[in-house]
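The primary structure of each chain is shown beneath.
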Amino acid sequence: MSPESRRLQIAYSPCPNDTFVFDALAHGRVPGAPALDVTFADIDITNGMAERGEYDVLKVSYAVLPYVLGEYALLPCGGALGRGCGPLVLTREPEAGSVPAGGAGLAGRTVAVPSEKSTAYLLFRLWAADSVPGGVGEIVVMPFDEIMPAVRDGKVDAGLVIHEARFTYRNYGLHKLADMGEHWERTTGLPIPLGAIIAKRSLGGETLTRLAESVRASVRAAWDDPEVSRPYVMEHAQELDPAVAEQHIALYVNEFSAGLGDDGYAAVRGLLTRAAAEGLVPAIGPDALAFP
């Protein structure tokens, strides 16, 4: 069966931004689009899938691109970039014995992170290089939905959180120590690159182009009639409060979801270049982000 005719295996997260973006495409409402078989998986799982060459299309962290661009191409749409949407470092409230305010208070401390191959982690390490004299202590990887309870319960000194935790961390009595996105935007002037859509190069240029056009059409369909996507979004939302789901979508689905553009590509290359300079990821070539 040719790549043009077979169903494409795709994996993305159950988070509201992904289900919002892919609703029309996943349900066959984009004329001429490739048919999809959808699997839901958190970003750390899809990053591993990409490294093993599993699935045709994946939502991954931009941080994993240097490891997979030989086999996968970066799609110019469908991902998550933006402003004011960066990961947060959280601690317990001061009266509960949290880490003192400021990056210096994190020196030598134990920090929970959702993945060591996540964009959040790269942003955290770049922030820590500028803000934490002597560096942080032990890094503990755990599922992102377990991080805030671990910080609250004193199992770790601090936690790096993503997704809807931006809106819910106060419910756990936690304190924002630092915003990784604020640091990134202040030092670069660029949007924050978070999640990317990648597809296997072996699908061929025609299929990749059609897929990108279909993803872009799916984004626009969701914007044109948001109510149509609501059942799909809420069915899979881990945070069931509709208001939080709407905040999540408003923050992470924006003009960069329709097309990376010059600023988007500059942000991605800037992140990976800085991270490579710190020895956090391999360097990428000058044409590695080219599509298709």
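Residues numbered from 1 in each chain as written. Predicted model: local features only at pLDDT ≥ 70, side-chain atom pairs only at ≥ 80, totals over all residues. Heavy atoms only, no water.

### Considering empty space enclosed by the protein
With the rule as written, the count across this model stands at two cavities of 30 Å³ or more. Here the largest cavity is characterised by a volume of approximately 260 Å³. In terms of lining residues, the largest cavity is bounded by 18 residues, among which Ile43, Ile162, His163, Leu194 and Gly195 are the most central. Each pocket or cavity is described by its volume, and for the second largest cavity that value is around 40 Å³. Taken together, Leu123, Leu126, Met180, His183, Trp184, Thr187 and Arg274 make up the full set of residues lining the second largest cavity. Mapped onto the lining of the second largest cavity, the elements with two or more residues apiece are helix H4 (119-131) and helix H7 (180-188). Top contributing element to the lining of the second largest cavity by residue count: H7, with four residues. Class assignment of the residues belonging to the lining of the second largest cavity gives a composition of four nonpolar, two polar and one charged. (1 Å grid on protein atoms, 1.4 Å probe; cavity = no way out; pocket = protein on both sides within 12 Å on 5 of 7 lines; lining within 4 Å. Points joined across faces, edges and corners; volume = space filled by probe spheres on them. Helix = DSSP H or I, 4+ residues; strand = E, 2+ residues; numbered from the N terminus. Nonpolar A, V, L, I, M, F, W, Y, C, P; charged D, E, K, R; others polar.)

### Topic: the environment of Gly195
Mapped onto the elements, Gly195 comes out in strand E11 (residues 192-200). Sequence separation between Gly195 and Ala80 is 115 residues, and the spatial gap between their C-alpha atoms is 4.8 Å. What Gly195 contacts, discounting residues up to four positions off in sequence, is Lys59, Val60, Tyr62, Gly79 and Ala80. (Contact = heavy atoms within 4.5 Å.)

### Observations concerning the pattern of salt bridges
Within the structure shown, the criterion is met by 13 salt bridges. In this structure, Glu51 and Lys117 form a salt bridge, with 2.6 Å as the shortest nitrogen-oxygen distance. Of the two residues, Glu51 is situated in helix H2 (residues 43-52) and Lys117 in the loop between strand E7 (111-113) and H4; the sequence distance between them amounts to 66 residues. On the basis of relative accessible area, Glu51 is assigned to the partly exposed category, the value being 37%. The class for Lys117 is partly exposed, based on a relative accessible area of 29%. One salt bridge connects Asp157 with Arg109, and the closest N-O pair in it is separated by 4.0 Å. With Asp157 in the loop between helix H5 (144-152) and strand E9 (158-161) and Arg109 in the loop between strand E6 (88-92) and E7, this residue pair connects regions lying 48 residues apart in the sequence. (Salt bridge = Lys/Arg side-chain N within 4 Å of Asp/Glu carboxyl O. Buried < 20%, exposed > 50% of the residue type's maximum accessible area, 1.4 Å probe, protein only.)

### With respect to H2
Buried within H2 are the following residues: Ile43, Thr46, Asn47, Gly48, Met49 and Ala50. On its buried side, H2 packs onto strand E1 (8-12), strand E3 (57-61), helix H3 (65-68), strand E4 (72-74) and E11. Just beyond H2, the residue with positive phi is Gly53, at close to 75 degrees.

### Structural notes on unusual backbone geometry
Here the bond from Phe291 into Pro292 is cis, since omega is -5 degrees, no more than 30 degrees from zero. One can find Pro292 in the segment after helix H12 (261-277). Located in the positive-phi region is Tyr55, a residue other than glycine, with phi close to 70 degrees. Under the relative-accessibility criterion, Tyr55 is labelled partly exposed at 24%.

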